[in-house]
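What the coordinates show
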Amino acid sequence: MSGGVDSSTTAWLLKEKGYEVIGATMCIGTMDSTSSGPVRCCSLADIEEARRVAFNWGFLFMSFI
């Protein structure tokens, strides 16, 4: 889950249809050629938004960073 409209709506629709929904965010870093550190594909704010959506709709959320 990104916390955005598409993934959040999909999670909600599945939950409404009776599926067991588990939200997950996997943040895979890639190396930037101009620096020596990893570049994140998502921010902490994005992860927190996805967690908040899952919490509000009553399903488990996990993040892998």
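What comes next concerns the included structure.

Calculation criteria
- What you see as residue numbers is a count from 1 along each chain, following the sequence as written.
- Local features are withheld for residues below a pLDDT of 70 in this predicted model, meaning they are given only at 70 or higher, and side-chain atom pairs are given and counted only at 80 or more; totals for whole chains, interfaces and linings count all residues.
- Processing note: side-chain calculations cover all non-hydrogen atoms of the structure and skip hydrogens and water entirely.
- Each patch is built from residues lacking any salt bridge and having more than 30% relative accessible area; the joining distance is 9 Å for like charges and 5 Å for nonpolar side chains (Val, Leu, Ile, Met, Phe, Trp, Tyr).
- Where accessible areas are quoted, they stem from the Shrake-Rupley method and a 1.4 Å probe; at the residue level, only the protein chains shown are allowed to cover.
- Salt bridges are defined as contacts in which a side-chain nitrogen from Lys or Arg sits within 4 Å of a carboxyl oxygen from Asp or Glu.
- Strands here mean DSSP runs of E at least two residues long; helices mean DSSP runs of H or I at least four residues long; both are numbered from the N terminus.
- Residue burial is assigned from relative accessible area. The probe radius is 1.4 Å, only protein chains are included, and a residue is buried under 20% of its type maximum, exposed over 50%, and partly exposed in between.
- Each residue after the first adds 1.5 Å to the expected span of a helix.

**A few points about a nonpolar patch on the surface**
- A cluster of nonpolar side chains, Ile22, Met26, Ile28, Leu60, Met62 and Phe64, forms an exposed patch at the surface whose accessible area comes to about 590 Å².
- At the level of elements, β1 (22-26) and β4 (60-64) are the ones that each hand at least two residues to the nonpolar patch.
- Sorting elements by how many residues they give to the nonpolar patch places β4 first, with 3 residues.
- Turning to its location among the elements, Met62 is positioned in strand β4.
- Classification of Met62 as partly exposed rests on a relative accessible area of 34%.

**A closer look at helix α1 (residues 5-16)**
- Under the 1.5 Å per step criterion, the end-to-end length of α1 is 16 Å for 12 residues, consistent within 8% with the ideal 16 Å.
- Positive backbone phi, at 95°, marks Gly18, one or two positions downstream of α1.

**Quick look at the pattern of salt bridges**
- Throughout the structure, instances matching the rule amount to 2 salt bridges.
- Between Glu48 and Arg51 there is a salt bridge, with its nearest N and O atoms 2.5 Å apart. Taken together, the residues Glu48 and Arg51, both in helix α2 (residues 44-57) and 3 residues apart, mark about one turn of the helix.
- For the salt bridge of Glu49 with Arg52, the shortest nitrogen-to-oxygen distance reads 2.5 Å. Placement of both Glu49 and Arg52 in helix α2 is noted, with a separation of 3 residues, approximately one turn of the helix.
- Taking the relative accessible area as the measure of exposure, Arg52 reaches 36% and is therefore partly exposed.

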